[in-house]
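Residues per chain are reported as follows:
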Amino acid sequence: VLNVKTLSLSGKKHVEIPVSRPVQITTQTDLDQVLEIHRNWIAEVLQPTQPLGAGRANLKGNDLRAFSFEGVDLRSANLESCDLRACSFIAANLSGCNLSHANLEGAILHKAKLRRSKLNGTNLTGVKAFGTDFRQIACEGTLWAGSELRDLICDETLPKKVRDSMNPAAPEAVQIQDATVEY
(Lines give C-alpha, C1' and ligand atoms only; values in the text may rest on other atoms or scores of the structure.)
Protein backbone atom coordinates (compact mmCIF):
# COMPACT_ATOMS: atom_id res chain seq x y z
CA VAL A 1 0.00 0.00 0.00
CA LEU A 2 1.29 3.42 -0.92
CA ASN A 3 1.69 5.52 2.20
CA VAL A 4 1.74 9.30 1.96
CA LYS A 5 2.89 10.98 5.15
CA THR A 6 3.06 14.62 6.09
CA LEU A 7 6.16 15.83 7.86
CA SER A 8 5.21 18.02 10.78
CA LEU A 9 8.12 20.45 10.53
CA SER A 10 8.05 21.26 6.84
CA GLY A 11 4.52 20.21 5.97
CA LYS A 12 5.85 18.51 2.82
CA LYS A 13 4.53 15.14 1.77
CA HIS A 14 6.73 12.20 0.90
CA VAL A 15 5.96 8.77 -0.37
CA GLU A 16 7.13 5.55 1.26
CA ILE A 17 7.62 2.74 -1.20
CA PRO A 18 7.79 -0.68 0.44
CA VAL A 19 10.83 -2.74 -0.47
CA SER A 20 10.73 -6.52 -0.35
CA ARG A 21 13.19 -8.39 1.82
CA PRO A 22 15.65 -10.69 0.06
CA VAL A 23 14.06 -14.03 -0.84
CA GLN A 24 15.96 -17.32 -0.96
CA ILE A 25 15.34 -19.19 -4.22
CA THR A 26 15.89 -22.96 -4.35
CA THR A 27 13.41 -24.19 -6.97
CA GLN A 28 11.91 -23.05 -10.26
CA THR A 29 8.56 -22.74 -8.42
CA ASP A 30 10.14 -20.30 -5.93
CA LEU A 31 11.49 -18.22 -8.80
CA ASP A 32 8.18 -18.31 -10.70
CA GLN A 33 6.34 -17.01 -7.60
CA VAL A 34 8.78 -14.11 -7.21
CA LEU A 35 8.50 -13.29 -10.92
CA GLU A 36 4.68 -13.26 -10.71
CA ILE A 37 4.70 -10.96 -7.68
CA HIS A 38 7.24 -8.74 -9.47
CA ARG A 39 5.01 -8.61 -12.61
CA ASN A 40 2.13 -7.45 -10.41
CA TRP A 41 4.37 -4.83 -8.81
CA ILE A 42 5.37 -3.51 -12.26
CA ALA A 43 1.69 -3.30 -13.24
CA GLU A 44 0.99 -1.29 -10.07
CA VAL A 45 3.90 1.07 -10.80
CA LEU A 46 2.68 1.59 -14.37
CA GLN A 47 -0.90 2.17 -13.18
CA PRO A 48 -0.50 5.09 -10.73
CA THR A 49 -4.19 5.10 -9.79
CA GLN A 50 -3.68 1.77 -8.01
CA PRO A 51 -2.11 1.52 -4.53
CA LEU A 52 1.53 0.50 -4.66
CA GLY A 53 2.35 -2.55 -2.58
CA ALA A 54 5.46 -4.56 -1.88
CA GLY A 55 6.53 -6.97 -4.54
CA ARG A 56 9.64 -5.69 -6.24
CA ALA A 57 11.85 -8.74 -6.68
CA ASN A 58 14.73 -8.80 -4.21
CA LEU A 59 16.92 -11.79 -5.04
CA LYS A 60 20.07 -10.37 -3.43
CA GLY A 61 22.81 -12.93 -2.89
CA ASN A 62 21.04 -15.93 -4.47
CA ASP A 63 22.76 -18.65 -6.49
CA LEU A 64 20.56 -18.65 -9.60
CA ARG A 65 22.83 -20.56 -12.00
CA ALA A 66 20.29 -23.31 -12.62
CA PHE A 67 17.57 -20.97 -13.90
CA SER A 68 16.69 -19.46 -17.27
CA PHE A 69 15.67 -15.83 -17.45
CA GLU A 70 14.81 -15.72 -21.15
CA GLY A 71 12.18 -13.07 -21.84
CA VAL A 72 11.55 -12.25 -18.16
CA ASP A 73 10.69 -8.73 -17.02
CA LEU A 74 12.80 -7.92 -13.97
CA ARG A 75 12.79 -4.13 -14.30
CA SER A 76 14.13 -2.48 -11.12
CA ALA A 77 14.75 -5.82 -9.39
CA ASN A 78 17.56 -6.28 -6.89
CA LEU A 79 19.99 -8.93 -8.15
CA GLU A 80 22.94 -7.60 -6.17
CA SER A 81 25.66 -10.18 -5.49
CA CYS A 82 23.73 -12.97 -7.28
CA ASP A 83 25.53 -15.86 -8.90
CA LEU A 84 24.17 -15.79 -12.46
CA ARG A 85 27.03 -17.58 -14.22
CA ALA A 86 26.08 -18.97 -17.63
CA CYS A 87 22.41 -17.91 -17.27
CA SER A 88 20.47 -17.00 -20.39
CA PHE A 89 18.91 -13.54 -20.40
CA ILE A 90 17.86 -13.53 -24.06
CA ALA A 91 15.31 -10.71 -24.57
CA ALA A 92 15.08 -10.14 -20.79
CA ASN A 93 14.21 -6.69 -19.46
CA LEU A 94 16.71 -5.85 -16.72
CA SER A 95 16.32 -2.07 -17.01
CA GLY A 96 17.03 -0.33 -13.73
CA CYS A 97 18.21 -3.56 -12.07
CA ASN A 98 20.81 -3.54 -9.35
CA LEU A 99 23.34 -6.11 -10.58
CA SER A 100 26.22 -4.71 -8.49
CA HIS A 101 28.78 -7.35 -7.57
CA ALA A 102 26.79 -10.06 -9.40
CA ASN A 103 28.64 -12.79 -11.26
CA LEU A 104 27.38 -13.08 -14.85
CA GLU A 105 30.46 -14.86 -16.18
CA GLY A 106 29.55 -16.60 -19.44
CA ALA A 107 25.96 -15.33 -19.41
CA ILE A 108 24.05 -14.76 -22.64
CA LEU A 109 22.56 -11.27 -22.88
CA HIS A 110 21.34 -11.19 -26.50
CA LYS A 111 18.71 -8.46 -27.04
CA ALA A 112 18.53 -7.87 -23.26
CA LYS A 113 17.67 -4.43 -21.88
CA LEU A 114 20.04 -3.22 -19.17
CA ARG A 115 19.34 0.50 -19.51
CA ARG A 116 19.92 2.43 -16.25
CA SER A 117 21.21 -0.73 -14.54
CA LYS A 118 23.84 -0.73 -11.80
CA LEU A 119 26.74 -2.97 -12.83
CA ASN A 120 29.35 -1.72 -10.34
CA GLY A 121 31.81 -4.49 -9.53
CA THR A 122 29.92 -6.95 -11.73
CA ASN A 123 31.75 -9.83 -13.41
CA LEU A 124 30.83 -9.78 -17.11
CA THR A 125 33.79 -11.94 -18.11
CA GLY A 126 32.97 -14.00 -21.20
CA VAL A 127 29.41 -12.71 -21.62
CA LYS A 128 27.84 -12.80 -25.07
CA ALA A 129 25.83 -9.65 -25.73
CA PHE A 130 24.44 -9.04 -29.21
CA GLY A 131 21.98 -6.18 -29.70
CA THR A 132 21.95 -5.48 -25.94
CA ASP A 133 20.94 -2.08 -24.51
CA PHE A 134 23.70 -0.79 -22.21
CA ARG A 135 22.64 2.89 -22.10
CA GLN A 136 22.90 4.96 -18.91
CA ILE A 137 24.62 2.22 -16.91
CA ALA A 138 26.82 2.54 -13.83
CA CYS A 139 29.76 0.16 -14.19
CA GLU A 140 32.67 1.17 -11.98
CA GLY A 141 35.01 -1.78 -11.45
CA THR A 142 33.12 -4.05 -13.86
CA LEU A 143 35.09 -6.92 -15.41
CA TRP A 144 34.60 -7.21 -19.21
CA ALA A 145 37.49 -9.56 -20.16
CA GLY A 146 36.71 -12.10 -22.89
CA SER A 147 33.26 -10.66 -23.60
CA GLU A 148 31.77 -11.00 -27.07
CA LEU A 149 29.91 -7.79 -27.88
CA ARG A 150 28.16 -6.89 -31.13
CA ASP A 151 25.58 -4.34 -32.24
CA LEU A 152 25.20 -2.89 -28.76
CA ILE A 153 22.92 0.03 -28.00
CA CYS A 154 25.17 2.15 -25.83
CA ASP A 155 26.24 5.65 -24.86
CA GLU A 156 29.20 7.28 -23.12
CA THR A 157 28.40 5.42 -19.87
CA LEU A 158 29.77 2.24 -21.48
CA PRO A 159 33.49 2.49 -20.71
CA LYS A 160 35.66 3.87 -23.51
CA LYS A 161 37.92 0.78 -23.37
CA VAL A 162 34.90 -1.39 -24.09
CA ARG A 163 33.43 0.90 -26.78
CA ASP A 164 36.82 1.21 -28.49
CA SER A 165 37.23 -2.57 -28.60
CA MET A 166 33.98 -2.95 -30.54
CA ASN A 167 33.86 -2.64 -34.31
CA PRO A 168 30.21 -2.37 -35.39
CA ALA A 169 31.22 -2.69 -39.05
CA ALA A 170 32.76 -6.10 -38.47
CA PRO A 171 30.31 -8.97 -38.90
CA GLU A 172 32.06 -11.15 -36.32
CA ALA A 173 31.82 -10.67 -32.57
CA VAL A 174 34.51 -8.68 -30.82
CA GLN A 175 36.59 -10.42 -28.18
CA ILE A 176 37.67 -8.15 -25.33
CA GLN A 177 40.96 -9.42 -23.96
CA ASP A 178 41.35 -7.47 -20.73
CA ALA A 179 39.14 -4.59 -19.71
CA THR A 180 38.54 -3.82 -16.08
CA VAL A 181 37.38 -0.26 -15.69
CA GLU A 182 38.40 1.68 -12.60
CA TYR A 183 37.37 5.27 -11.99
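Computed from a predicted model, the values in this text were never measured in an experiment.

Rules used throughout
Residues numbered from 1 in each chain as written. Predicted model: local features only at pLDDT ≥ 70, side-chain atom pairs only at ≥ 80, totals over all residues. Heavy atoms only, no water. Helix = DSSP H or I, 4+ residues; strand = E, 2+ residues; numbered from the N terminus. Buried < 20%, exposed > 50% of the residue type's maximum accessible area, 1.4 Å probe, protein only. Areas by Shrake-Rupley, 256 points an atom, 1.4 Å probe, with all protein chains shown as cover. Core = buried A, V, L, I, M, F, W, Y, C linked by side-chain atoms within 4.5 Å. Contact = heavy atoms within 4.5 Å. pLDDT = per-residue confidence, 0-100. Polar contact = N/O pair within 3.5 Å; in protein donor to acceptor, adjacent residues only side chain to side chain. Salt bridge = Lys/Arg side-chain N within 4 Å of Asp/Glu carboxyl O. Phe/Tyr/Trp six-rings, centres within 6.5 Å; stacked < 30°, edge-to-face > 60°. Expected span 1.5 Å × (residues − 1). Arc of directions from axis to C-beta.

Trainee: Give a description of the overall build of the protein chain that names residues and reports values.
Mentor: If you tally the helices and strands in the protein chain, you get two helices and five strands. Counting the 183 residues in the protein chain, one finds 42% classified as buried. Within the structure as shown, the protein chain displays about 9,700 Å² of accessible surface, and the carbon and sulfur contribution to it stands at 51%.

Trainee: Which residues make up the nonpolar core, and what are the values?
Mentor: Phe69, Leu74, Leu84, Phe89, Leu104 and Phe134 are the most contacted members of the largest nonpolar core, which has 40 residues in total. No other element matches helix H1 (residues 28-46), which puts three residues into this core. Contacts of phenylalanine 134, omitting those with residues within four sequence positions, involve Leu109, Leu114, Leu119, Ala129, Trp144, Leu152, Ile153, Cys154, Asp155, Thr157 and Leu158.

Trainee: A description of the confidence of the model for the protein chain should follow, citing residues and the corresponding values.
Mentor: Averaged over every residue, the pLDDT of the protein chain is 83; residues scoring 70 or more account for 77%. At the level of individual helices and strands, the protein chain shows its lowest average pLDDT in strand S1 (residues 3-6), which scores 38, and its highest in strand S3 (residues 128-130), which scores 96. Within the model, the stretch residues 1-8 combines pLDDT values under 50 with 22 contacts to residues more than four positions away or in other chains. Contacts of residues 169-175 to residues separated by more than four positions or lying in other chains number 15 contacts, the stretch itself having pLDDT below 50.

Trainee: Explain the environment of asparagine 62 to me, using residue names and the numbers behind them.
Mentor: Along the chain, asparagine 62 turns up in the loop between H1 and S3. The class for asparagine 62 is buried, based on a relative accessible area of 1%. Spatially, the C-alpha atoms of asparagine 62 and glutamate 80 are 8.7 Å apart, while their sequence positions differ by 18 residues. In this structure, asparagine 62 is in contact with Val23, Gln24, Ile25, Cys82 and Asp83, ignoring residues within four places of it in sequence. Polar contacts involving the side chain of asparagine 62 include one to the side chain of glutamine 24, which spans 3.4 Å.

Trainee: So what's going on with the side chain of histidine 110? Which residues, and what values?
Mentor: Inspection of the secondary structure assignment puts histidine 110 in the loop between H1 and S3. Aside from chain neighbours lying at most four places away, what touches histidine 110 is Phe89, Ile90, Ala91, Lys128, Ala129, Phe130 and Thr132.

Trainee: Talk me through the pattern of salt bridges; I want residue IDs and the actual numbers.
Mentor: Scanning the model with the defined rule gives nine salt bridges in all. The partner of glutamate 80 in a salt bridge is lysine 60, and the shortest N-O contact between them spans 4.0 Å. In this pair, glutamate 80 is assigned in the loop between H1 and S3 and lysine 60 in the loop between H1 and S3, connecting sequence segments 20 residues apart. Note on lysine 60: relative accessible area 40%, which makes it partly exposed. Residue arginine 65 is joined to aspartate 63 by a salt bridge in which the shortest nitrogen-to-oxygen separation is 2.6 Å. Judged by relative accessible area, arginine 65 falls into the partly exposed class, the value being 40%. The partly exposed category is assigned to aspartate 63, whose relative accessible area is 37%. Through salt bridges with shared partners, a single ionic network connects Asp63, Arg65, Asp83 and Arg85.

Trainee: Summarise the packing of aromatic side chains; cite the residues concerned and give the values.
Mentor: All chains considered together, the criterion is met by two aromatic pairs. Ring centres 5.0 Å apart and planes at 10° place the aromatic pair phenylalanine 69 and phenylalanine 89 in the stacked group. Separated by 20 residues along the polypeptide, phenylalanine 69 in the loop between H1 and S3 and phenylalanine 89 in the loop between H1 and S3 bring together distant segments of the chain. Its relative accessible area of 1% is what places phenylalanine 69 among the buried residues.

Trainee: Outline H1, listing residues and values.
Mentor: An ideal rise of 1.5 Å per residue puts 27 Å on 19 residues; H1 measures up with 27 Å between its terminal C-alpha atoms. Within H1, burial applies to Leu31, Val34, Leu35, His38, Trp41 and Ile42. Viewed along the axis of H1, the buried residues span an arc of 120°, placing them on a single side of the element.

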